[in-house]
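# Summary of structural features
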Amino acid sequence: MSYRTAHPLRSVTLDDVRGAQKMLSGVARTTALESSRHLSRTVGTPVHLKCENLQRTGSFKLRGAYVRIAGLLPEERAAGVVAASAGNHAQGVALASSLLGVHSTVFMPQGAPLPKVSATREYGAEVRLHGQVVDEALAAAEEYAAGTGAVFIHPFDHPDIIAGQGTVGLEILEQCPEVGTIVVGMGGGGLAAGIAVAVKSVRPDVRIIGVQAEGAAAYPPSLAAGHPVTVASPATMADGIKVGTPGPVPFGIVAELVDEVRTVSEDQLSAALLLCLERVKLVVEPAGAIPVAALLADPGGFSGPVVSVLSGGNVDPVLMQRVLRHGMAAQGRYLAVRLRLTDRPGALATLLGVLSAADANVLDVSHIRTDPRLGLSEAEVELHLETQGPIHRTEVTAALRESGYVIID
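Residues numbered from 1 in each chain as written. Predicted model: local features only at pLDDT ≥ 70, side-chain atom pairs only at ≥ 80, totals over all residues. Heavy atoms only, no water.

For the rest of this paragraph, the subject is the overall build of the chain. Helix and strand content of the chain: 16 helices and 14 strands. A total of 409 residues make up the chain; the buried ones form 55% of that total. Pairs at least 24 residues apart make up 73% of the contacts formed inside the chain by residues separated by at least 6 positions. For the chain, the exposed area adds up to about 17,100 Å²; of that, 52% sits on carbon and sulfur atoms. Side chains of the chain carry 33 positive and 40 negative charges; the gap between the two charge centres is 4 Å. (Helix = DSSP H or I, 4+ residues; strand = E, 2+ residues; numbered from the N terminus. Buried < 20%, exposed > 50% of the residue type's maximum accessible area, 1.4 Å probe, protein only. Contact = heavy atoms within 4.5 Å. Areas by Shrake-Rupley, 256 points an atom, 1.4 Å probe, with all protein chains shown as cover. Lys, Arg positive; Asp, Glu negative; His and termini not counted. Charge placed at Lys NZ, Arg CZ, Asp CG, Glu CD.)

Glancing now at the environment of threonine 42. Its place among the elements puts threonine 42 in helix 2 (residues 37–43). Each C-alpha atom, one on threonine 42 and one on serine 233, is 34 Å from the other, the two residues being 191 residues apart in sequence. Not counting residues up to four positions away in its chain, the partners in contact with threonine 42 are Leu296 and Pro299.

Here four strands make up an open sheet; going across it, the order is 12-13-11-14 and the pairing antiparallel. Two strands close off the open sheet at either side, each with one partner strand: strand 12 (361–368) and strand 14 (407–408). With nine bridges connecting them, strand 11 (residues 334–342) and strand 13 (residues 378–386) associate as antiparallel partners. The residue of strand 13 that forms the bridge with arginine 338 is glutamate 382. On top of the sheet, helix 15 (residues 347–357) reaches strand 11, strand 12 and strand 13; it is set at about 30° to strand 13, its chief contact. Sheet contacts for helix 16 (residues 390–402): strand 11, strand 13 and strand 14; angle to strand 11, the most-contacted strand, approximately 5°. (Pairing = 2+ DSSP bridges. Axes fitted to C-alpha atoms, helices over the stretch in contact; angles between N-to-C directions.)

Core analysis: the biggest nonpolar cluster contains 57 residues, and Ile69, Val81, Ile182, Ile195 and Val309 have the highest contact counts within it. Residue contributions to this core peak at eight residues, all from helix 9 (residues 190–202). Once residues within four sequence positions are removed from consideration, valine 81 is found in contact with Ile69, Leu72, Val93, Ser97, Val102, His103, Ser104, Thr105, Ala150, Val151 and Ile153. (Core = buried A, V, L, I, M, F, W, Y, C linked by side-chain atoms within 4.5 Å.)

For the structure on display, the rule yields 10 salt bridges. The partner of arginine 207 in a salt bridge is glutamate 260, with the nearest N and O atoms 2.9 Å apart. Here glutamate 260 lies in strand 9 (residues 260–264) and arginine 207 lies in strand 8 (residues 207–213), a separation of 53 residues in the sequence. Classification of arginine 207 as partly exposed rests on a relative accessible area of 29%. Judged by its relative accessible area of 17%, glutamate 260 falls in the buried class. Across the salt bridge formed by aspartate 298 and arginine 262, the nearest N and O atoms sit 3.1 Å from each other. Placement of aspartate 298 in the loop between helix 13 (286–297) and strand 10 (306–310) and of arginine 262 in strand 9 is noted, with a sequence separation of 36 residues between them. Taking relative accessible area as the criterion, arginine 262 reaches 16% and is therefore assigned buried. Each of the salt bridges in this network shares a partner with another, and the network as a whole consists of Lys50, Glu52, Arg63 and Glu171. (Salt bridge = Lys/Arg side-chain N within 4 Å of Asp/Glu carboxyl O.)

Within the secondary structure, threonine 45 is located in the loop between helix 2 and strand 2 (47–51). Contacts of threonine 45, omitting those with residues within four sequence positions, involve Ser40, Phe302, Gly304, Pro305 and Val306.

Below, the discussion takes up the packing of aromatic side chains. If you walk through the whole model with that rule in mind, you get two aromatic pairs. A centroid spacing of 6.1 Å and a plane angle of 25° characterise the contact between tyrosine 219 and phenylalanine 251, whose relative ring orientation is stacked. Here the residue tyrosine 219 occupies a position in helix 10 (residues 219–225), and phenylalanine 251 occupies one in helix 11 (residues 248–257), the gap between them amounting to 32 residues. An identical accessibility class is assigned to tyrosine 219 and phenylalanine 251; each is buried. Positioned above the aromatic ring of phenylalanine 302, the side-chain terminus of arginine 262 is 4.5 Å from the ring centre. (Phe/Tyr/Trp six-rings, centres within 6.5 Å; stacked < 30°, edge-to-face > 60°. Lys NZ or Arg CZ within 6 Å of the ring centre and 35° of its normal.)

Most of helix 11 sits inside the fold, with eight of its 10 residues counted as buried. Those residues of helix 11 that fall on the buried side of the exposure criterion are Pro250, Phe251, Gly252, Ile253, Val254, Ala255, Glu256 and Leu257. Those residues of helix 11 that are buried are in contact with helix 8 (159–175), helix 9, strand 8 and helix 10.

Printed below as a string of structure tokens:
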């Protein structure tokens, strides 16, 4: 479905994006475009991955931040800049400011992942922890800007930011001239808008598909209403795109140029993150994996060749551990069973032998003898197993039943 409307005074042009590309020469990397045989087989057409997770600071955000700060007047640079972010934008602003000799202050929520806070400081920013969520940090940053004269650097709602992010689109056209569809994650919309300006100006036939998490999908209702609409309490593991309201500047471009906006579930997102790690061998944060989730959710729904933009790789190790477990569960890689044994020496060892023969990996065993529902010589065992997928789960369950065990529902 197309949401295009007339926007004769588009805020960002192809010339703006080309100018940003020249400005970023020697600053931002031209990130690799990697093909994926596994995804190509799954989707039925060539699939390439634009690896912005390998960009300096670990995401595309450096591009827009550098272009925005480089365009400031001398007196604005002297006043410094301020931003608010839970991670990627913070690091982009910090490094861009350091490269340009501008003092930066970044407000981050108190619960921001420690690796992202440390990295932002190491890139040269003065970090101030404020509030529990990004919106509270954002309000503090705007108050700081009003009180000090520092220039507020918005993460997506500014033409310079969008022009910088659009350089990803120019690189895609250079690296894959035959591209048929570009799939990109969306929060505020700056990256999708920039790519759309760059690509549609040269190749209007290329489909641009934006993807949002179901729990933080502000664009579908906004596009339906014809103006930005706020989604209350956006919720998703993909903190890089957890934005409640589209920016007016990228919204106008997305409405005109982006062909379709889709949503994916948290289970689909977890599975995509796991696939990126297992099959593609790339560490990608949840927001970066969301285009892959869209491919897996509807593998026949894309005309190729397809380029999926992996927008970032800054994932907290603790979150990664939780998400990978969630992804394995979503793929049927875990099995929990309860059954009763005769309470005698060697009974548990015999059970574990059956599971070993079935190639099931035992993660946890809980042995219960005191439940009043149990007979005098009975014990109940609950096992958490790692399996190879849904088919293997069925095989393991069948092996238990064939060995005489009764599985309790």
